[in-house]
Amino acid sequence: MRWDGNRESDNVEDRRGGGGGGGGFGFGGGSLSIGGVVIALILSFVFGINPLTLLGGMQGGAPQQATQQTTPANDTETRFMRTVLADTEDTWGALFSAQGAQYQPPKLVLFTGRTATGCGTGQSATGPFYCPADSKVYIDLDFYRLMKERFKVSGEFAQAYVVAHEIGHHVQHLLGVSDQVHQAQQTTSETQANALSVRLELQADCYAGVWAFHANRSRQILEQGDVEAALSAATAIGDDALQRQSQGHVVPDSFTHGTSAQRARWFRTGLDSGDVAQCDTFKARQL
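Residues numbered from 1 in each chain as written. Predicted model: local features only at pLDDT ≥ 70, side-chain atom pairs only at ≥ 80, totals over all residues. Heavy atoms only, no water.

**With respect to the environment of Ala 212**
Then step 1. In this structure, Ala 212 sits in helix α6 (residues 190-219).
Then step 2. Contacts of Ala 212, omitting those with residues within four sequence positions, involve Phe 157 and Leu 271. (Helix = DSSP H or I, 4+ residues; strand = E, 2+ residues; numbered from the N terminus. Contact = heavy atoms within 4.5 Å.)

**Focus: the nonpolar core**
Nonpolar side chains in soluble globular proteins tend to be buried together.
Then step 1. Among the nonpolar cores identified, the biggest contains 58 residues, and Met 1, Met 81, Trp 92, Phe 157 and Trp 211 are the most heavily contacted of them.
Then step 2. Going through the elements one at a time, α2 (76-98), β4 (107-110), β8 (136-139), α3 (142-151), α4 (156-175), α6, α7 (226-236) and α9 (260-273) are the ones with two or more residues in this core.
Then step 3. Other than its neighbours up to four places away in sequence, Trp 92 contacts Tyr 103, Ile 167, Val 171, Tyr 207, Val 210, Trp 211 and Val 276.
Then step 4. Counting residues in each nonpolar core, the second largest holds 6 residues, with Val 109, Phe 111, Phe 129 and Cys 131 among its members. (Core = buried A, V, L, I, M, F, W, Y, C linked by side-chain atoms within 4.5 Å. Buried < 20%, exposed > 50% of the residue type's maximum accessible area, 1.4 Å probe, protein only.)

**Comments concerning the layout of surface pockets**
Then step 1. Roughly 180 Å³ of volume is contained in the second largest pocket.
Then step 2. Every residue lining the second largest pocket is listed: Trp 92, Leu 95, Phe 96, Ala 98, Gln 99, Ala 101, Val 171, Leu 175, Asp 275 and Val 276.
Then step 3. Of all the secondary-structure elements, those providing two or more residues to the lining of the second largest pocket are α2 and α4.
Then step 4. The element contributing the most residues to the lining of the second largest pocket is α2, with 4 residues.
Then step 5. Its residues assigned to classes, the lining of the second largest pocket shows 8 nonpolar, 1 polar and 1 charged. (1 Å grid on protein atoms, 1.4 Å probe; cavity = no way out; pocket = protein on both sides within 12 Å on 5 of 7 lines; lining within 4 Å. Points joined across faces, edges and corners; volume = space filled by probe spheres on them. Nonpolar A, V, L, I, M, F, W, Y, C, P; charged D, E, K, R; others polar.)

**Describing the pattern of salt bridges**
Then step 1. What the rule picks out here adds up to 15 salt bridges.
Then step 2. For Glu 13, the salt bridge identified is with Lys 136, shortest N-O distance 2.9 Å. You can see Glu 13 sitting in strand β1 (residues 12-14) and its partner Lys 136 sitting in strand β8, a full 123 residues away along the chain. Of the two residues examined, Glu 13 and Lys 136, each falls in the buried class.
Then step 3. One continuous salt-bridge network, built from bridges that share partners, spans Asp 4, Glu 8, Arg 79 and Arg 82. (Salt bridge = Lys/Arg side-chain N within 4 Å of Asp/Glu carboxyl O.)

**What to know about the sheet that holds β8**
Then step 1. Judged by pairing direction, the sheet is mixed, and its 4 strands sit side by side in the order β1-β4-β8-β7 without closing on themselves. Whereas interior strands pair on both sides, the edge strands pair on one side only; in this sheet they are β1 and β7 (129-131). Strand-to-strand twist across the sheet, computed as the mean angle between neighbouring axes with direction ignored, equals 25°.
Then step 2. Lying on the sheet, α2 is in contact with β1, β4 and β8; it crosses β4 at an angle near 160°. (Pairing = 2+ DSSP bridges. Axes fitted to C-alpha atoms, helices over the stretch in contact; angles between N-to-C directions.)

**Considering the state of the cysteines**
Then step 1. For the structure on display, the rule yields 2 disulfides.
Then step 2. Here Cys 119 engages in a disulfide with Cys 131; their sulfurs sit 2.1 Å apart. Across the S-S bond linking Cys 119 and Cys 131, the dihedral sits near 95°, which makes this disulfide right-handed. Of this pair, Cys 119 sits in the loop between β5 (114-117) and β6 (120-123) while Cys 131 is found in strand β7, placing the two residues 12 residues apart along the sequence.
Then step 3. Cysteine pairing in the protein chain follows 1-2, 3-4, where each cysteine in a disulfide is numbered by its order in the sequence. (Disulfide = S-S within 2.5 Å.)

**Describing the packing of aromatic side chains**
Then step 1. All told, the structure shown has 10 aromatic pairs when counted by the stated rule.
Then step 2. Through a chain of ring-to-ring contacts, three or more aromatic side chains come together here, namely Trp 92, Phe 96, Tyr 103 and Tyr 207. (Phe/Tyr/Trp six-rings, centres within 6.5 Å; stacked < 30°, edge-to-face > 60°.)

**Some remarks on helix α8 (residues 239-247)**
Then step 1. Within α8 the residues assigned to the buried category are Asp 239, Asp 240, Leu 242 and Gln 243. The arc that holds the buried residues of α8, viewed along the axis, is 165°, so those residues lie on one side.
Then step 2. Of the residues flanking the end of α8, it is Gly 248, one or two places downstream, whose phi is positive at about 85°. (Arc of directions from axis to C-beta.)

**Thoughts on the side chain of Gln 262**
Then step 1. Within the element layout of this structure, Gln 262 appears in helix α9.
Then step 2. Gln 262 gets classed as buried once you look at its relative accessible area, which sits at 18%.
Then step 3. The residues touching Gln 262, leaving out its near neighbours within four places in the chain, are Val 198, Leu 202 and Leu 287.

**Quick notes on unusual backbone geometry**
Then step 1. At Ser 135, a residue that is not glycine, the phi angle is positive and equals roughly 55°.
Then step 2. One non-glycine residue, Gln 220, adopts positive backbone phi at about 50°.
Then step 3. With respect to the helices and strands, the residue Gln 220 is situated in the loop between α6 and α7.
Then step 4. Note on Gln 220: relative accessible area 45%, which makes it partly exposed.

Here it is as structure tokens:
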């Protein structure tokens, strides 16, 4: 992925090493072995866990203030994250402007272990997530290393896809889509609520593809193998693949993020079209 030298965003909070850590990766008030952490990360991650469904793995639901905020480091990994975030800002800013609207960029928070969020205490074991209460994306960069070790998924564009998916949830929040889905989920069965969650997540995958289309057209970010790496990431974290690995069988009614094929298909839809209108998963007869 070509990114070095591109604009870097100032909307990054670096909380790594700054309070609230303690004892490695905590989950649900306890601690996990490294193997357990990997399973918890992969099972709960899937590039877009809605924090409203994660409160069981967080502590407290009231908005909290971070204990410490520092200027982001200037290592390559951090600069990459700032650059990807800037690219999403430029892309979605232009798309919103074309529709006569103004894009409100979110903050990206880098942390280790655990950190205070507007959705409770976020923990590394829940994986990267977006919190609508404070309009921030949270990520522990160790997640990328765990993905590489467990699923052999690597590459900068695959990492950028993770961020772009979470930004997709922010776009849904700005458009009011996520609020409508959450309201509908309160008055329906668990199976139907899961089905709505799948459509929400697949739309965020499609939005990630839309970002990639426009970023590449404007800034030529893609290199050979980048798209395949992102598709491999989408495939690796499909609900069916994760359930087979964790429990040996698949329970479709419990899916909340979509199958491997669906996730790859909707990312590809956004990437090939660059058209937000093509990402209406809620009207699609077939996912």
